[in-house]
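Structure at a glance
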Amino acid sequence: MEQNQKIQLFESMPIPKAVAQLSIPMVFSSLVMVLYNMADTYFVGMLNDPVQNAAVALAAPVLLAFNAVNNLFGVGTSSMMSRAMGRKDYNTVEESSAFGFYCALVSGIIFGILCTVFGSPLLTLIGADETTRAATQGYMFWTVSLGAAPAIVNVVMAYLVRSEGASLHASIGTMSGCILNIILDPIFILPCGLDMGAAGAGCATFISNCAACLYFFVLLYVKRGKTFVCVNPKRFRFKKAIAAEICSVGIPASIQNLLNVTGMTILNNFTSVYGADAVASMGISYKIYMVPMQITLGFSQGIMPLVSYTFSSGNRRRMKDTILFAMKIMLPILAAMTVLYNIGAGGIVRAFMDNEAIVSYGAAFLRGFSLGFVFLCVDFLSVGVFQALGFGKYALIFAIMRKVILEIPLLFLLNYLFPLYGLAYAQAGAELVLSICAVIMLRHIFKKYQDNMSVD
């Protein structure tokens, strides 16, 4: 019965209803994740200590690097699983899920060990100085040294569960950890609690990620025999075909996130020259910017299983209609958020830290970031489609264009022309060019497979 419902969702459910069922839980999950990311900034900001807030901002590139592993084994494996389901190849679905899970687990452990061993040069690389070094190190001990493995496994398992259409369960798992983190943050951070500062924020994050992993393990145990997601070590096999197909999508997605880390590291290093206030302001404005970014990312990831399945099963008309419907829903929402962020930038930043210098810096940064929202929407949806279809080379080209060709050179140029304030406009400029390229690529894909568009 449950399997029949999954097939119905992918094959015959009206597109608006199917997109809603897959994407709404993912969007809510993404919003809760943003709140969870903001919680660290908000409660650390209550200490009114720019050094503690700067520590959270400086560690962001390392935490963002987790997404390189998440995308390699999360995006790569979930894309393969959904496409295998479209072909009715259920054995491959189970074997690929086991492969993705164990590779993610081992990678998370190795990531944490390496960041601990090379902790000192890593702190220098991300822009920590004598003032911010101790606080940044305390935060990273919990979130990276101890927390890399549960943080990565939590996200990858959500991808695996979502790949077969169980978007609600995937979102509940993610949100459970996020909500717990929000509850624990004031207890660990503030003087009225354990008074651990930024390190307390890291400790709360570590505990919440462990709790989210536990939810997914319990879910798979309860649903055993009714799910294709498999973490049984007996099903783990290194098959060249499985590894190659996962990597063909996962590696470009992983490179994209490594380039994101590079871009953020450069951004932090440029900002750190102007002092802790500027670093804290950039960190706060970037967290606020993550709200529309995560909405777009959640929506694009939500429709990925449906796009993968319909492409693999040959129902290309349903695939195209799904993509166009997602565009029509998201573009007006992002346009409205651009207006909101420009009008209310100062008040939004002040909600996180009532400091005049930080509000002044942060409002200017936030207005710059917001100009790219609409273009970001087109870009993210397009890259999600490339990943869903198994077209990893397109996603890789876009990743290189975004960071290496466009954003990073723009960071240098705009910081030279408009010191500090120009940094926030680099992403908007890059996304504008990429959105034009995205529309061209989507038209190419639709035209290439138009012979199959009549299938309904």
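The rules behind the values
- Residues numbered from 1 in each chain as written.
- Predicted model: local features only at pLDDT ≥ 70, side-chain atom pairs only at ≥ 80, totals over all residues.
- Heavy atoms only, no water.
- Core = buried A, V, L, I, M, F, W, Y, C linked by side-chain atoms within 4.5 Å.
- Buried < 20%, exposed > 50% of the residue type's maximum accessible area, 1.4 Å probe, protein only.
- Helix = DSSP H or I, 4+ residues; strand = E, 2+ residues; numbered from the N terminus.
- Patch = residues over 30% accessible without salt bridge, like charges linked within 9 Å, V, L, I, M, F, W, Y side chains within 5 Å.
- Areas by Shrake-Rupley, 256 points an atom, 1.4 Å probe, with all protein chains shown as cover.
- Salt bridge = Lys/Arg side-chain N within 4 Å of Asp/Glu carboxyl O.
- Axes fitted to C-alpha atoms, helices over the stretch in contact; angles between N-to-C directions.
- Parallel < 35°, antiparallel > 145°, perpendicular 65-115°, else oblique.
- Contact = heavy atoms within 4.5 Å.
- Nonpolar A, V, L, I, M, F, W, Y, C, P; charged D, E, K, R; others polar.
- Disulfide = S-S within 2.5 Å.
- Expected span 1.5 Å × (residues − 1).
- Bend = angle between axes of the 7 residues up to and from the residue.
- Polar contact = N/O pair within 3.5 Å; in protein donor to acceptor, adjacent residues only side chain to side chain.
- Phe/Tyr/Trp six-rings, centres within 6.5 Å; stacked < 30°, edge-to-face > 60°.
- Lys NZ or Arg CZ within 6 Å of the ring centre and 35° of its normal.

The next subject is the nonpolar core. Of all hydrophobic cores here, the largest spans 151 residues; its most connected members are Phe111 and Phe386. Looking at this core, the element that brings in the most residues is helix α3 (residues 50-86), giving 20 residues.

So, on to a nonpolar patch on the surface. Taken together, the side chains of Val106, Ile109, Ile110, Ile113, Leu114, Val117 and Phe118 make up a nonpolar region of the molecular surface, amounting to roughly 660 Å² of accessible area. Residue position: valine 106 is located in helix α4 (residues 90-117).

Bringing the environment of alanine 244 into the picture now. For alanine 244, the location among the structural elements is in helix α10 (residues 240-272). Sequence separation of alanine 244 and glycine 76 is 168 residues, and the distance between their C-alpha atoms is 9.9 Å.

Attention now goes to the pattern of salt bridges. Scanning the entire structure with this criterion turns up 7 salt bridges. Salt-bridge contacts for lysine 239 lead to glutamate 95; the nearest nitrogen and oxygen are separated by 2.9 Å. You can see lysine 239 sitting in the loop between α9 (198-222) and α10 and its partner glutamate 95 sitting in helix α4, a full 144 residues away along the chain. On the basis of relative accessibility, which here comes to 34%, the residue lysine 239 falls in the partly exposed class. A salt bridge links glutamate 431 to arginine 402, with the shortest nitrogen-to-oxygen separation between them at 3.2 Å. On the criterion of sequence distance, the pair formed by glutamate 431 in helix α16 (residues 426-448) and arginine 402 in helix α15 (residues 392-417) is long-range, its members being 29 residues apart.

It is worth spelling out the packing of α3 against α4 at this point. The geometry of α3 relative to α4 is characterised by a closest axis approach of 8 Å and an angle of 175° between their N-to-C directions. The angle between the axes of α3 and α4 places the two elements in the roughly antiparallel class. Only Tyr90, Thr92, Val93, Ser96, Ser97, Gly100, Cys103, Ala104, Ser107, Phe111 and Cys115 of α4 make contact with α3, whose side of the interface consists of Val62, Ala65, Phe66, Val69, Phe73, Thr77, Met80, Met81, Ala84 and Met85. Its residues assigned to classes, the contact of α3 with α4 shows 15 nonpolar, 6 polar and no charged.

For leucine 420, which is not a glycine, the phi torsion comes out positive at approximately 65°. By the secondary structure assignment, leucine 420 is in the loop between α15 and α16. Relative accessible area serves as the criterion here: at 2%, leucine 420 is assigned to the buried category.

According to the stated counting rule, one finds 0 disulfides in the structure shown. Here cysteine 230 is not cross-linked by a disulfide; its sulfur's nearest cysteine counterpart is in cysteine 103, at 14 Å. The structure places no disulfide on cysteine 247, whose sulfur is separated from the nearest cysteine sulfur, that of cysteine 103, by 8.0 Å. Residue class for cysteine 247 comes out partly exposed when judged on its relative accessible area of 27%.

Another point: helix α12 (residues 316-350). With 35 residues, α12 extends 48 Å between its outermost C-alpha atoms, agreeing within 8% with the 51 Å of an ideal straight helix rising 1.5 Å per residue. In the structure, α12 departs most strongly from a straight axis at glycine 344, where the bend amounts to approximately 75°.

Secondary-structure assignment places arginine 316 in helix α12. Classification of arginine 316 by relative accessible area gives buried; the value is 13%. A distance of 2.8 Å separates a polar side-chain atom of arginine 316 from the backbone oxygen of phenylalanine 311.

This next bit is on the environment of leucine 123. Its place among the elements puts leucine 123 in helix α5 (residues 119-125). Judged by relative accessible area, which is 3%, leucine 123 ranks as buried. Taking the C-alpha atoms as reference, leucine 123 lies 9.6 Å from alanine 134; in sequence the two are 11 residues apart. The contact partners of leucine 123, leaving out residues within four places of it in the chain, are Ala128, Arg133, Thr136, Gln137 and Met140.

Following the criterion strictly, the structure yields 18 aromatic pairs and no others. Taken together, a centroid distance of 5.1 Å and an interplanar angle of 80° make the contact between phenylalanine 270 and phenylalanine 412 edge-to-face. Highlighted residues: phenylalanine 270 in helix α10 and phenylalanine 412 in helix α15, separated in sequence by 142 residues. Linked through ring pairs, Tyr286, Tyr289, Tyr341, Phe369 and Phe373 together constitute an aromatic cluster. The aromatic ring of tyrosine 159 is capped on one face by arginine 162, whose charged end is 5.3 Å from the ring centroid. The ring centre of phenylalanine 311 lies 4.3 Å from the NZ or CZ of arginine 316, which sits over that ring.

Bringing helix α7 (residues 148-163) into the picture now. With 16 residues, α7 extends 23 Å from end C-alpha to end C-alpha; this agrees with the ideal 22 Å at 1.5 Å per step. Among the 16 residues of α7, 15 are classified as buried, and the element is accordingly described as predominantly covered. In the stretch just after α7, glycine 165 is the one whose phi turns positive, near 95°.

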